[in-house]
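Structure assessment
One-letter residues, chain by chain:
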Amino acid sequence: MRVTLSVLKADIGSIGGHIKPGERLKSRVREFIEDKGTKLIHDYFLSSTGDDIAILISHSRGEGNSDIHKLAWDAFKAGTELAKEMGLYGAGQDLLKDAFSGNIKGMGPAVAEMEFEERPNEPFLFFAADKTDPGAYNLPLYLGFVDPMYCSGLILSPKMSKGFKFDIMDVEHTEGDRLVSLNAPEELYDLAALLRDNERFVIEKIHSRSSGDLAASVSTTRLHNIAGKYTGKDDPVMLVRVQGEFPATGEVLAPFAKGHYVAGFMRGSHNGPLMPVKQNEAISFFDGPPVVSCAAFCVHEGKLTEAADAFDHPFWDYVRGRVSRKALDIRDQGFSGPAMLGYSELEYGGIVEKIQDLDKRFKVRK
Ligand code: MG
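The structure reproduced in this document is the subject of the present report. The structure displayed is predicted, hence computed values, not measured ones.

This next bit is on the packing of aromatic side chains. For the coordinates displayed, the defined rule picks out 13 aromatic pairs. Ring geometry for phenylalanine 124 and phenylalanine 297: centres 5.3 Å apart, planes at 15 degrees, overall stacked. A residue pair is termed long-range when its members are at least 10 positions apart, and phenylalanine 124 in strand β5 (residues 123–130) and phenylalanine 297 in strand β14 (residues 291–300) qualify at 173 residues. With a centroid separation of 5.2 Å and 85 degrees between ring planes, the pair formed by phenylalanine 265 and phenylalanine 286 is classed as edge-to-face. Taken together, the positions of phenylalanine 265 in the loop between β11 (261–264) and β12 (270–273) and phenylalanine 286 in the loop between β13 (275–277) and β14 put the pair 21 residues apart, joining distant regions of the chain. Using a relative accessible area of 1% as the deciding quantity, one classes phenylalanine 265 as buried. Overall, the relative accessible area of 24% leaves phenylalanine 286 in the partly exposed class. In this structure an aromatic cluster arises from ring pairing among Phe127, Tyr137, Phe256, Phe311, Phe315 and Trp316. The aromatic ring of tyrosine 261 is capped on one face by lysine 326, whose charged end is 4.6 Å from the ring centroid.

Attention now moves to the side chain of serine 269. Relative to the helices and strands, serine 269 is located in the loop between β11 and β12. Look at serine 269 and you get buried, because its relative accessible area is 15%. With near-sequence residues (within four places) excluded, serine 269 lies in contact with Gly264, Met340, Leu341 and Leu346.

Moving on: the nonpolar core. Of all hydrophobic cores here, the largest spans 48 residues; its most connected members are Phe127, Phe145, Phe166, Leu191 and Val240. Per element, the largest residue contribution to this core is five residues, and it comes from helix α3 (residues 138–146). Apart from the residues within four sequence positions on either side, phenylalanine 127 is in contact with Tyr137, Pro236, Val237, Met238, Val240, Val252, Leu253, Phe256, Val292, Ser293, Cys294 and Phe311. Counting residues in hydrophobic clusters, the runner-up holds 27 residues, among them Ile12, Tyr44, Trp73 and Ala75.

For the rest of this paragraph, the subject is helix α2 (residues 66–86). Compared with an ideal rise of 1.5 Å per residue, which puts 21 residues at 30 Å, α2 spans 30 Å between its outermost C-alpha atoms and is within 8% of the ideal. When we look at burial in α2, the residues that qualify are Ile68, His69, Leu71, Ala72, Trp73, Ala75, Phe76, Ala78, Gly79, Thr80, Leu82 and Ala83. You can read the cap of α2 off the contacts: a side-chain oxygen lies 3.0 Å from the backbone nitrogen of aspartate 67, and it is on asparagine 65.

Along strand β3 (residues 52–59), eight of the eight residues are buried, which leaves the element largely enclosed by surrounding structure. Side chains of β3 alternate between two faces, with Asp52, Ala54, Leu56 and Ser58 and Ile53, Ile55, Ile57 and His59 buried alike. Where strand β1 (residues 2–10) meets β3, seven bridges bridge the pair, whose relative direction is antiparallel. Bridging across to β3, leucine 8 finds its partner in isoleucine 55. Here strand β2 (residues 43–49) runs beside β3; their pairing, made up of seven bridges, is antiparallel. Bridge assignment links serine 48 to a residue of β3, and that residue is isoleucine 53. If you look at the hairpin formed by β2 and β3, you'll find two residues sitting between the two strands, and glycine 50 has a positive phi there, around 60 degrees.

Moving on to the pairing of β12. With burial as the criterion, each face of β12 is covered, one bearing His270 and Gly272 and the other bearing Asn271 and Pro273. Both β11 and β12 contribute to a ladder of four bridges, which runs antiparallel. Pairing of valine 262 across the sheet is with glycine 272, part of β12. Counting the residues that bridge the hairpin from β11 to β12 gives five residues, and of these phenylalanine 265 lies at a positive phi of roughly 65 degrees.

Time to look at helix α8 (residues 314–331). The end-to-end C-alpha separation of α8 is 26 Å, in line with the 26 Å expected for 18 residues at 1.5 Å each. Buried residues along α8 sit against α7 (249–253), β11, β12 and β13.

Across a sheet, paired strands are connected by hydrogen bonds in the backbone, their directions being either parallel or antiparallel. One open sheet accounts for four strands, arranged β2-β3-β1-β4; its pairing is antiparallel. For this open sheet the edge positions go to β2 and β4 (110–117), each flanked by a neighbour on one side alone. Between one strand axis and the next, the sheet turns by 15 degrees as a mean value, whatever way the strands run. The sheet contacts of helix α1 (residues 23–37) involve β2 and β3, and relative to β2 the element is tilted by about 165 degrees. Against the sheet, α2 touches β1, β3 and β4, its axis set at about 150 degrees to β3.

A separate point is the coordination of the magnesium ion. All of the protein donors around the magnesium ion are Asp51 (OD), Asp52 (OD), Asp52 (OD), Asp130 (OD) and Asp235 (OD); their distances to the metal are 2.1 to 2.7 Å. Sequence spacing of the donors to the magnesium ion: D-D-x77-D-x104-D. Taken together, the residues span a long stretch of sequence, with aspartate 51 in the loop between β2 and β3 and aspartate 235 in the loop between α6 (223–227) and β10 (237–241) at a distance of 184 residues. The exposure classification of aspartate 51 matches that of aspartate 235, with both residues buried.

Reading the values: the criteria
- Residues numbered from 1 in each chain as written.
- Predicted model: local features only at pLDDT ≥ 70, side-chain atom pairs only at ≥ 80, totals over all residues.
- Heavy atoms only, no water.
- Phe/Tyr/Trp six-rings, centres within 6.5 Å; stacked < 30°, edge-to-face > 60°.
- Helix = DSSP H or I, 4+ residues; strand = E, 2+ residues; numbered from the N terminus.
- Buried < 20%, exposed > 50% of the residue type's maximum accessible area, 1.4 Å probe, protein only.
- Lys NZ or Arg CZ within 6 Å of the ring centre and 35° of its normal.
- Contact = heavy atoms within 4.5 Å.
- Core = buried A, V, L, I, M, F, W, Y, C linked by side-chain atoms within 4.5 Å.
- Expected span 1.5 Å × (residues − 1).
- Polar contact = N/O pair within 3.5 Å; in protein donor to acceptor, adjacent residues only side chain to side chain.
- Pairing = 2+ DSSP bridges.
- Axes fitted to C-alpha atoms, helices over the stretch in contact; angles between N-to-C directions.
- Donors = N, O, S within 2.8 Å, 3.2 Å for Na, K, Ca; no water.

Here is the structure:
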């Protein structure tokens, strides 16, 4: 059977600043989906990561379907009403447009989708990150799909020996989707040359070169491109099919043990290590650190199994300790140099006026 997985995510308000949306708000969004979605969809799963609520939907309507997108948009709208009633912080902050225009992309919420023919057993992973941007997935995807140091399947599984095709988006190009496709392993160095720049070049999709099948799909929204100003970090979601001709679950998870430094953290203006966290985890230290959650599922005839919480394991407790250490290390440096993002990323925020005012006070010494 052909199935589509769509994950749609938004920050529509949170408790105590940017900590978490809270159970009442999540229940409101869930009730809306239960009430209005049953005829449209096969199944759904709702969770939060930091201050964001994500709705994972299984259906048969293909990617970019306006009914599915509208369902999520209206659910987020309904949640926003409650968030306003409750006086939650940043109520409706990711809903950047007033009226739904057929596709939730470009309206604020993040969306990642994949349509495929279900395998007899179809395991997949749903990632959600908070306090960071879509480039946060570049390095883990690179390592999990092309590096045999992480993905032993590239050596051990004949189904993976042809490698993968990466579709990469230039997210600085705002007049339309500007994409390039690169093949691993032949173009590994070209791939690395682009993926090093997490703020500009973002993996959108990955395909198996053995079967041509879609392996991964990432939300590529940069909110400042939509709003023209800083409105919060993009907080990307991602879907990854695993096993068979794709990397094993553990091969996709392994690179997240790095806790690599990503853009985001406090006011979306700093670099911090990406911490793998359990489902529904909150945000804390320095409005961070940047976090990523992962729920693992099988989907069968459109129905989702219960979620297995991939980062809820003693191993990841140890990793979280190490990542905390990395967070403290870079925070030691305050605003200086690489601890804070470069000016091009900050130019959507308030620092621009400050620099402009200061600029007038400069004099060239004769
Ligand atoms: Mg968020």
